[in-house]
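A structural walkthrough
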Amino acid sequence: MAFQVRYPGIGFSATGTFKSKSSCTTKRIASHRKFQAPSQSRLSCLRVEAAVNVGTRQATRSVRKVEKFTRLPVWPVVPGVIITVLDILRLRGLAAALEHRFGGRVCPMMFTPEETDPFVLCVHHRHSFWAWDPIRPLFRVLLPEGFPAHPHRGFETVTYILQGAMRHRDSTGVKQEYGAGSVQWMTAGRGMLHEEMWVTDLPNHELYQIWVNLPSQYKMCDPRIQFLGKDVEGNPSLGDIPVHNTGDGVSVKVIGSAYKDAKSPVTTFSPVTLFHVTVQPGSTFSHEMPASHTCMLYVRKGEGSVLGAGKTTLPTYATAFLGNDGEKVEIKNEGKYELDFLLMGGQPIREPIAAQGAMVMNSQSDVNRAYQEYQMGTFGIPWEHVIDDDEWQEHVSKHAHLMSRDRRL
């Protein structure tokens, strides 16, 4: 598997197939105490009790692997470089505190498809745009402050804003501006272009963007956007992000799926769980999830302990890949400060995957066809990010006929 890390316009290529695995472990426990045979009535009670216990017992998932992905300095680049040097010097606590305060880094987490199905990618952005930054005018010439029009096909992007705001314009004619506490769940389907630019009137920005694969039967569906939160442009919203507060120091924002009485109104093509969880010191987050589902945790702030077989402590910016050895996820905050993490879970699609650049398909020939059709204009024609809304709308209208299904190869 070869990866090409570049951002913006992250591109990577990977192919893989999925195989189900099963394992069984048997343990024998010997007792050296004197044994007295129970009566027949007592044996009946024991059998009933054992049956109840087996039916209700749930093992807690353990951590299979922990990884810390590379964080790249950008927006603003100078603080990002300084923070990275502190990381290299193993002053990681100080580096994390400065990044939370000033920004300047992005962390693209390139996943291995066989391990993280249906998730392809997760990116954590933390940036600042200061008017007095002397490097900013020069850097803006080299790299736009955002991501100009680019294509997607075959998957969904989930963009969750923690701080700041984003401006979105796409080749279907949709414009959005959305800020902290909002989620844009965009299904690229058969193909579209979109532009994502930071609203630099605001100084601080932070977001997650997660790429979720689509089953093969839905990869060529029509593009759509589902939205949670408030959109400055007045586009339809499914409402605010549902939140469940347990009352004992745990708060869960439900972006996808459900947690207790909080259920996301977003509809998905396969079961996907996305939670933003905060846990106060001494408290424990617990959630039931099928053992067959993929489950990953990314720690944004603080330190958490996964209470599976052999407790594993996760520091800030660690990504944990949980095993399939239980149906319960438990994370305890044994530290002094608030724990803040993202939980990503989902039912594996278990289909071949070929991903390159911004196309996520089932074979390399599908990827090649996607790029051919992009060149033909079936995703729309790219526009300059500096044009105003009237010019963009005119541009999209002029080329709308090119996006017809009839023009596909």
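Now for a quick tour of the structure. (Residues numbered from 1 in each chain as written. Predicted model: local features only at pLDDT ≥ 70, side-chain atom pairs only at ≥ 80, totals over all residues. Heavy atoms only, no water.)

Before going further, it helps to examine the sheet that holds strand 14 (residues 224–228). Strand pairs in the sheet, formed through backbone hydrogen bonds, run parallel or antiparallel to each other. An order of 4-5-6-13-8-11-14 is seen for the seven strands of this open sheet, with the pairing classed as antiparallel. Each edge of the open sheet carries a strand with a single partner, namely strand 4 (72–73) and strand 14. Note: strand 8 (residues 155–163) against strand 13 (residues 204–213), eight bridges, orientation antiparallel. Bridge pairing links T159 to Q209 in strand 13. Together, strand 5 (105–110), strand 6 (119–128) and strand 13 form the strand contacts of helix 3 (residues 92–102), whose direction differs from that of strand 6 by roughly 75 degrees. (Pairing = 2+ DSSP bridges. Helix = DSSP H or I, 4+ residues; strand = E, 2+ residues; numbered from the N terminus. Contact = heavy atoms within 4.5 Å. Axes fitted to C-alpha atoms, helices over the stretch in contact; angles between N-to-C directions.)

A few words now on the packing of helix 2 (residues 77–88) against helix 3. The angle between the axes and the distance between the axes are what describe a pair of packed helices. Put simply, helix 2 and helix 3 touch, their axes get as near as 7 Å, and they point 160 degrees apart. Here helix 2 is positioned roughly antiparallel relative to helix 3, judged by the angle of their axes. Where helix 2 crosses over helix 3, the two elements pack in a sense that is left-handed. Here I83, L86 and D87 of helix 2 come into contact with helix 3, specifically with R92, L94, A95, L98 and E99. For the contact of helix 2 with helix 3, the residue count by class is five nonpolar, no polar and three charged. (Parallel < 35°, antiparallel > 145°, perpendicular 65-115°, else oblique. Left-handed = near helix turned anticlockwise from the far one by under 90°. Nonpolar A, V, L, I, M, F, W, Y, C, P; charged D, E, K, R; others polar.)

To continue, consider unusual backbone geometry. Most of the time, phi is negative for any residue but glycine, and the peptide bond is trans. A cis amide bond, omega -5 degrees, links W75 with the succeeding residue P76. Mapped onto the fold, P76 is located in the loop between strand 4 and helix 2. With an omega of 15 degrees, the peptide bond between D117 and P118 qualifies as cis. By the secondary structure assignment, P118 is in the loop between helix 4 (113–116) and strand 6. Even without being a glycine, W75 presents a positive backbone phi close to 55 degrees. The residue W75 is located in the loop between strand 4 and helix 2 in this model. Assessed through its relative accessible area of 3%, W75 is described here as buried. Even without a glycine there, the phi angle at R90 is positive, about 65 degrees. Positionally, R90 belongs in the loop between helix 2 and helix 3. (Buried < 20%, exposed > 50% of the residue type's maximum accessible area, 1.4 Å probe, protein only.)

It is worth spelling out the pairing of strand 16 (residues 250–256) at this point. Among the seven residues in strand 16, six count as buried, and that is most of the element. In this structure, strand 15 (residues 243–245) lies alongside strand 16, joined through three bridges in antiparallel fashion. Pairing of N245 across the sheet is with S251, part of strand 16. Hairpin connection between strand 15 and strand 16: a loop of four residues separates the two successive antiparallel strands, and G247 in this loop has a positive phi of roughly 90 degrees. In this structure, strand 16 lies alongside strand 19 (residues 272–279), joined through six bridges in antiparallel fashion. Looking at the pairing, V250 lines up with V279 of strand 19.

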